[in-house]
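Letter by letter, the chains look like this.
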Amino acid sequence: MPQLNRDVRHPVSLTLNGKKVQGHAEPRMLLSDFLTHEIGITSCHVGCEHGVCGACTVLIDGNVSRACLTFAVQADGAAVDTAESLADDEGELSALQQAFKKHHGLQCGYCTPGILMSITAYLKEKPKPTEDELRDMLSGHLCRCTGYVGMVRAVLDYCENSGAGAKAE
Amino acid sequence: MADDAAVALKERYVGQPVERVEDATLLTGKAQFSDHLPTRAGTLHAAILRSPHAHARILSIDTSKAAARPGVAAVITGEDVRAISDPFLIVLRQPMHQWALAVDKVRYVGDPVVCVVADDRYHAEDALAFIDVEYEVLPAVVDQEAACEDGMPLVHEAMGANVASVRDFTYGDPDKAFAEADRIVKLRTYYPRNSQTPLEGFVVNAEYHSGENLYDVASNYQGPFTSHPVMSLALRVRNSQLRMRTPQWSGGGFGIKVQIFPYVVLMCLASKIAGRPVKWVEDRLEHLAAAAAAPNRVTTIEAAVKNDGTVTAFRFDQLDDYGAFLRAPMPGPLYRMHGILTGAYDIKNLAVTNRVVMTNKCPSSMVRGFGGPQMYFAIERLMHKVAVEIGMDPLEVMRRNLVPEGVFPYRAAAGALLDSGNYPEAIERAVNEGGLAELVRRRDAARKEGRLYGIGLATIVEPAQSNMGYLSNILPRDERARNPKGGAVANATVNVDPLGTVSVTADSIPQGQGHMTVLAQIVADELGLTPDDIKVSLDFDTAKDAWSIATGNYSSRFSSATAVAASKAARKVRDKLARIAAPGLNVEPEKLEFAGGKIFDPVNPDNAVNLYRVAGSAHWTPGNLPEGMEPCVRETGSWSPPELESPNELDQINTSLTYGFVFDFCGIEIDRDTGMVRIDKYVTMHDSGVLLNPLIANGQVYGAFAWAVGCALFEEFVYGDDGSFKTGTFADYLVPTSFEVPEPQILHMESPSTVSPLGAKGIGEGNCMSTPVCIANAVADALEAEGVNTDDLALPLHPSRIAKLIHGAETAPAAGRPELRPHPEKPAAGHMLTGDGETFVPAPPEEVWRTLLDEDSLAAVIPGCHRLDRLGENDYRADVSVGVGPVRGRFIAKVKLDELVEPESAKLSGSLTGPLGASQGEGHVRLTPEANGTRVSYDYSIVLTGTVASVGGRMLEGAARALVRQFFNRLVAQVGGGPEPAESWWSRLLRELGIRK
Amino acid sequence: MKPASFDYVRAASQEEAVETLARKGEDARIIAGGMSLVPMLNFRLTEPGTLIDISKIADMNYVRAGGEKVEIGASTRQATLERWPELSAKLPLLAAAIPYIGHYQTRARGTVCGSLAHADPSSELPLCLATLGGEVVLRSTDGERVLTAEEFQTGMLSTAKRADEIVAAARYPVARPGHGYAFTEMAQRRGDFAIVALAAVASGTRLRLGVGGVADKPMVHEWDMLEGGALDDALNEFAWDLGGYDDIHATARYRRELVRRLGRRLIEEAKSCRN
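Just so it is clear, the structure is predicted and the values come from calculations on it, not from any experiment.

J.: Teacher, can you tell me more about the side chain of B:D541 here?
T.: Residues and elements named next belong to chain B. On the secondary structure map, D541 appears in strand β22 (residues 540-541). Given the relative accessible area of 9%, D541 is considered buried. Within the local environment of D541, its side chain forms a polar contact with the side chain of R243, the two groups lying 2.4 Å apart. When residues no more than four places from it in sequence are discounted, the contact partners of D541 are R243, M244 and R245.

J.: When you look at the packing of aromatic side chains in this model, what are you seeing that I'm missing?
T.: For any pair of aromatic rings, the description rests on two quantities: the centre-to-centre distance and the angle between the ring planes. Residues and elements named next belong to chain B. By the definition in use, this model includes 25 aromatic pairs over all chains. Ring centres of F225 and F540 lie 5.3 Å apart, and the angle between their planes is 70°; this geometry places the pair in the edge-to-face category. With F225 in the loop between β10 (214-219) and α8 (227-234) and F540 in strand β22, this residue pair connects regions lying 315 residues apart in the sequence. For the pair formed by F225 and F540, the shared burial category is buried. Among the aromatic side chains, those forming a connected cluster through ring pairs are Y221, F225, F540 and W547. One Lys or Arg, K272, reaches over the ring of Y208 and ends 5.0 Å from the middle of that ring.

J.: I tried to follow the domain arrangement of chain A on my own but got confused; where do I start?
T.: By a widely used convention, the size of an interface equals the accessible area lost when the partners come together. Residue and element names in this part refer to chain A. The domains assigned to chain A are domain 1 (10-85) and domain 2 (95-168). Domain 1 and domain 2 are separated by 22 Å when their C-alpha centres are compared. Listed by partner, the interface residues are 18 residues for domain 1 and 12 residues for domain 2. Of the roughly 1,100 Å² buried between domain 1 and domain 2 on both sides combined, carbon and sulfur atoms contribute 63%. For the pair domain 1 and domain 2, the interface holds 0 salt bridges. Our count for the domain 1 to domain 2 interface comes out at 5 residue pairs in polar contact (both at pLDDT 80 or more). Of all the secondary structure elements, the ones that give two or more residues to the side of domain 1 that touches domain 2 are β3 (57-60) and β4 (63-66). Top contributing element to the side of domain 1 that touches domain 2 by residue count: β3, with 3 residues. Among the residues making up the side of domain 1 that touches domain 2, the classes are represented as 8 nonpolar, 8 polar and 2 charged.

J.: For this particular structure, what's the right way to read the interface of chain B and chain A?
T.: Across the contact, 52 residues belong to chain B and 50 residues belong to chain A. Taken over both partners, the interface formed by chain B and chain A buries close to 4,200 Å², and the fraction arising from carbon and sulfur atoms is 60%. In terms of surface lost to chain A, no three residues of chain B exceed B:L27, B:Y122 and B:L199, which account for 20% of the buried area on that side. Joining chain B to chain A, the criterion identifies 4 salt bridges. For A:K101, the salt bridge goes to B:E19, with nearest N and O atoms at 3.7 Å. The interface formed by chain B and chain A contains 21 residue pairs in polar contact (both at pLDDT 80 or more). In terms of residues, the side of chain B that touches chain A owes the most to one element, helix α20 (residues 694-713) of chain B, which gives 8 residues. Looking at side-chain class alone, the side of chain B that touches chain A contains 21 nonpolar, 19 polar and 12 charged residues.

J.: Whenever I open this one, the pattern of salt bridges confuses me. Can you help?
T.: Opposite charge on two side chains permits pairing when their charged atoms draw close. Enumeration over the complete set of coordinates arrives at 106 salt bridges over all chains. Measuring nitrogen to oxygen at the nearest pair gives 3.8 Å for the salt bridge that ties B:R12 to B:D525. Linking B:R12 in the loop between α1 (2-10) and α2 (23-27) with B:D525 in helix α17 (residues 515-527), this pair joins segments that are 513 residues apart in sequence. In this structure, the salt-bridge partner of C:R189 is C:D192, at a minimum N-O distance of 2.8 Å. Connected through salt bridges with shared partners, the residues B:D671, B:D673, B:E810, C:R253, C:R256, C:E257, C:R260, C:R261 and C:R265 form a single ionic network.

J.: Could you clarify how one ought to interpret helix α1 (residues 31-39) of chain A in this entry?
T.: One turn of the α-helix equals 3.6 residues, which is why residues spaced by three or four share an orientation. For α1(A), the complete set of buried residues consists of A:L31, A:S32, A:D33, A:F34, A:L35 and A:T36. Lining the buried residues of α1(A) we find β1 (10-16), β2 (19-25), β3 and β5 (79-81) of chain A together with α5 (121-128) of chain B. Phi turns positive, to about 95°, at A:G40, one or two residues after α1(A).

J.: How do you make sense of the interface of chain B and chain C when you look at a structure like this?
T.: Across the boundary between the two partners, chain B contributes 69 residues, which contact 49 residues of chain C. Between chain B and chain C, roughly 5,500 Å² of surface is buried when both sides are summed, and carbon and sulfur atoms account for 57% of that area. Our enumeration of links across chain B and chain C arrives at 9 salt bridges. With its nearest N and O atoms 3.2 Å apart, the salt bridge here joins B:D673 to C:R261. Considering every element that reaches the side of chain B that touches chain C, the biggest residue donor is helix α26 (residues 956-976) of chain B, with 5 residues. Residues that form the side of chain B that touches chain C fall into these classes: 30 nonpolar, 16 polar and 23 charged.

J.: Hey, could you run me through the sheet that holds strand β7 (residues 163-171) of chain B in this one?
T.: The strands that make up a sheet pair up through hydrogen bonds in the backbone, lying either parallel or antiparallel. All names here are of chain B. With respect to topology, 5 strands assemble into an open sheet ordered β7-β15-β14-β13-β8, the strand pairing being mixed. The two strands at the open ends of the sheet, each matched to only one other strand, are β7 and β8 (183-191). Adjacent strand axes in the sheet meet at a mean angle of 10°, parallel and antiparallel pairs treated alike. Inspection of the sheet shows β7 paired to strand β15 (residues 349-357) by 8 bridges, in the antiparallel sense. Residue pairing for β15: V163 is matched across the bridge by V357.

J.: What exactly am I supposed to notice about the sheet that holds strand β26 (residues 633-639) of chain B here?
T.: Residue and element names in this part refer to chain B. Here 4 strands make up an open sheet; going across it, the order is β21-β20-β19-β26 and the pairing mixed. Each edge of the open sheet carries a strand with a single partner, namely β21 (534-537) and β26. Neighbour-to-neighbour, the strand axes of this sheet turn through a mean angle of 20°, independent of strand direction. Relative to strand β20 (residues 502-506), strand β19 (residues 490-496) runs antiparallel, the two being bridged by 5 bridges. Bridge pairing in β20 places V494 opposite V504. Lying over the sheet, α17 contacts β19, β20 and β21, oriented at roughly 140° with respect to β21.

What counts, and where the lines are drawn
Residues numbered from 1 in each chain as written. Chains lettered and ligands numbered in written order. Predicted model: local features only at pLDDT ≥ 70, side-chain atom pairs only at ≥ 80, totals over all residues. Heavy atoms only, no water. Helix = DSSP H or I, 4+ residues; strand = E, 2+ residues; numbered from the N terminus. Buried < 20%, exposed > 50% of the residue type's maximum accessible area, 1.4 Å probe, protein only. Polar contact = N/O pair within 3.5 Å; in protein donor to acceptor, adjacent residues only side chain to side chain. Contact = heavy atoms within 4.5 Å. Phe/Tyr/Trp six-rings, centres within 6.5 Å; stacked < 30°, edge-to-face > 60°. Lys NZ or Arg CZ within 6 Å of the ring centre and 35° of its normal. Domains from an automatic or database assignment. Buried area = accessible area lost by both parts, 1.4 Å probe. Salt bridge = Lys/Arg side-chain N within 4 Å of Asp/Glu carboxyl O. Nonpolar A, V, L, I, M, F, W, Y, C, P; charged D, E, K, R; others polar. Pairing = 2+ DSSP bridges. Axes fitted to C-alpha atoms, helices over the stretch in contact; angles between N-to-C directions.

Rendered as structure tokens:
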């Protein structure tokens, strides 16, 4: 692959939530900035820009990733999924989102989209985590409003009643 | 419809756990936060150069190189700002002038010095590295107690002292009570600097419209709008010429977002200077270093105690550290709790001294709890100590002193009017339903097994809806009498459009608490609709919405302020619709009821009309309205509770409108090996009056609790003795995760407020006040069982701190290893980076000496030296690139050698300054001749400040050691004429000599 | 908080990566997961001229069990190793250590070799490599060299890797019969950098203890089998040798105390799980 020179905006294409999108980015542009300010989606929230808070978490080719620690050019050609992908086309909330609503799993909602993406990836590997396992996974996110109680209940309820683990029974 | 209506009548939404109307937007990632607000083409992006020094005089600023960088539109300094704006108004008459950028001096690490605006944020940040600021570093004043002493450096020279205000208050006869006490119990408590650090930082979009002389701002400012005139006065415009807009969605506020206001002014000025709109997004390092923190407080508190456990008086000495500036509404944390200084206790005698002190730290501000955590930490730690000293159960001491049942409304000594409650009953219920007896059994069993287990209690009164007059008490009586302040106005508007759909706006400036949902519940109940029928829009605009100085989101004011205003507005709409409908239904308007979207006669429910039709007639056929009635249906409710009066001549003030009650108990266990605290069980009882939405109310408790766990165990903004800031990342400022925060057991009791029309009180701050001290009391209980004195127990309860109390003395290994050196104990933070070492050079001392004193060879010895200029004898300035591993920065180094004793010893001193930070240090080198060369021994002490110190905390000591070692390795290489030392035979030699591992 | 400008090369092969590195020299940095590098870039603590991205090089993404060592390629993510079915059997120490590395989310991106190259004194993977006596494979246009863990990590954030070399692979020795392996660490929060991290190996006759977070790099000490007071004395001497350092989270003294106390606990654990 040829070198992408600094200070030049290079084309970057993604399959974002199943749709092809294209924008331009200097090599140093963070994926979080690219998604928000170049493509214009509103779910990739920046809380620390050093990889601790997890608010910017998205899926890149299905792998959970901090968008603030990824350069847009690194994601060129990849499939990126964000919280916009979770509800159906009519805006009907997914079962996981509904569980968050039911259990008051969010307040200001700034950390929520990133958390939903982590949970989405995690439950594919582990459809029925214990509360301890779930709390361990969620420790990769910071939430300042909820005390985590509602979101833990929401995920456990979802796993019990709606998720892949529930169906398997 | 009769049966339906009867059912619907019973169907009230207020008081139900209604799911939030906000959630669908937030869960789908569609909420537009401040960073998503539209910006006009040509909008510039700001980056701010901040002071690396805690205290320094600005000698010069050269912006020319930065101004020439790509994309840069303007580079703005303090002098530019001073020319076109005024200093911010403050509460006290003190010569403490603060502009939007530092003028003459910098006073804390993070103090904004230069603002660059460029075509994007990346370019703006690039330019920061090209600004040359020359500082004269001044000694910093960091410790708040030392700051009060004479002869200390002054944060503001014009003040003549660092103490900005001292006020004494006396209520009842405390001297007599202390004289008659059986014993006096005294404690000195320290409450740390912390903040709830919302995940979304500050965002400002500002545009200056020269034609109108108007500043138009969209930002996630949270109020109180008492700061709006502070901004407009600074900008030198009439209040109406500063248009403030806030979006509906905010990524958390917790009080901190009032402190956007200096940046609103800065970006307004930047827009005016650059002639284009300006956008600024605060980053995390900026937020942690320079946004705001709750003031750290030292309290000396004494109780006059009778042998039966009765406390007859409190005496407080409260010393609050407000950092470098008093920004509005400071010093609120010292006065917001004033009326309730006796907490939940029936204590009639009280003496208080309040002191406000300035230091070289980030300015303090509103943070959730707002003075409560500091005050209750002192009170409840003291009550615990009272119980220990007189040998009574802490619960019994608490019970003995509570405000008794049946005395409400109760006027507390300092003026709070406790509106309702039954404190003894709330405690009994919590003890029973929460299982305190079982917890005591668990503690006793654990202790029998030799485990460190403790139980803590705390009780607090939780105030809500601040009286705008509370700060008046800081002024002398005659001064405040000239300009009395009191009250707290809230506004909400209900509109019914021509098709009969209902919308609501209000001035609550939500920060995630679910205001839209609760307002929809309230209005739905008034109008007989469902919450889904009500469209609530809480984006806010000072140019269009009803607002007042109390507008904003703070002091738990929503449920007794905005919620009441909305119910009043809805009631007005209801009354108007009833009057319109009454003639057609042939029923008196007062007798009509609203349910199921209809207005009807309850005696004959079939006699009904649709609400939308009635509302529509006010738009479509205004001529048919009753005589004198105005067309359309749009009503604003404004409300200010009459109980919120100015302070009286006795200095009593009802600081808040409602007073809830909280009682907590918990069991904790300490790991003997690590000192780590684990919360085993936590029970929290709340009497917050009527719960408007129990789901949301519990969410507030969980959230306050989680932050409080952070305050108790993890969170603190740490400063070095030199004022360097050490917690600039989320790896250093420790926010608890899902793994550290247990789920508390929440219990409720509902004693409706008698002063708030909906009966509701605040609930979102109580645990910020009760939980830190409850956990501390439990830790104290565990440690006291081991005979440890816990008087000095300070938050956060880091394992390292607790371990020190339980681990006893460290014993050096047994003999036989003479090279083992002692490790003197140093404090965990704040010390200089110190170290020493030695190395062997295969050359005589004279040659080493010549190398150190020779310009060219010194240049070769200094790591990463690009050029070395001689400033005077043995005095140099060098351009260097230094670092550890990949961390590398370009610095200007100044190196000086003196105290020269040829060829035996010398002192090296110097400094480094660059974009990554600044450093000063000194060291001594001693040369001792040996058989085949010279033993070079050295020691050093270094202070480091700026970005590297803020984000590199964990590595600093090792990095300093590595850098010093680099210097001496190069010295060895230079003198020995060998190659680069890394991985050379020299390092093997050093390893053999035990210098390198 | 945005990084300074750099050129970007997404290497398609190992050859392209080392050739680019040879051309760019000291000004270039390898990026794989970016979990340690990008925060430093965002804070502008480091400003390389070129980033060479090796994360997409397929033939460097492997976990390969040879006879005595498990080799892990440069672009292999920590999560890949975590999910490797033979992990518990072949590398029980890593199976115990991996859950302590950052978080689920960072392990999904962070690489094993990247962690070694970053050489954080608190990190788990370098500590395990040092304790087990593993190796690092370095590659450049000049060829390959293999360094022991001890040779490789020279200090804080510093390694013996030359600027023209990439860390091509790591080799962790396979668990030996009759040996017990145990790992623990003390951090204030889940996923934090360790205040002290400890790795222990016990055989029938020898004890080996690795300590991270106390000195500038992981330090390992080995003893003939010790029990009781003699073990306490040995641990105290080791702790004293390490010295430790102060930061805002803990004192040097506290770190030494943890080496003594947790070291003791951990060695007993390693002894008890000898197979």
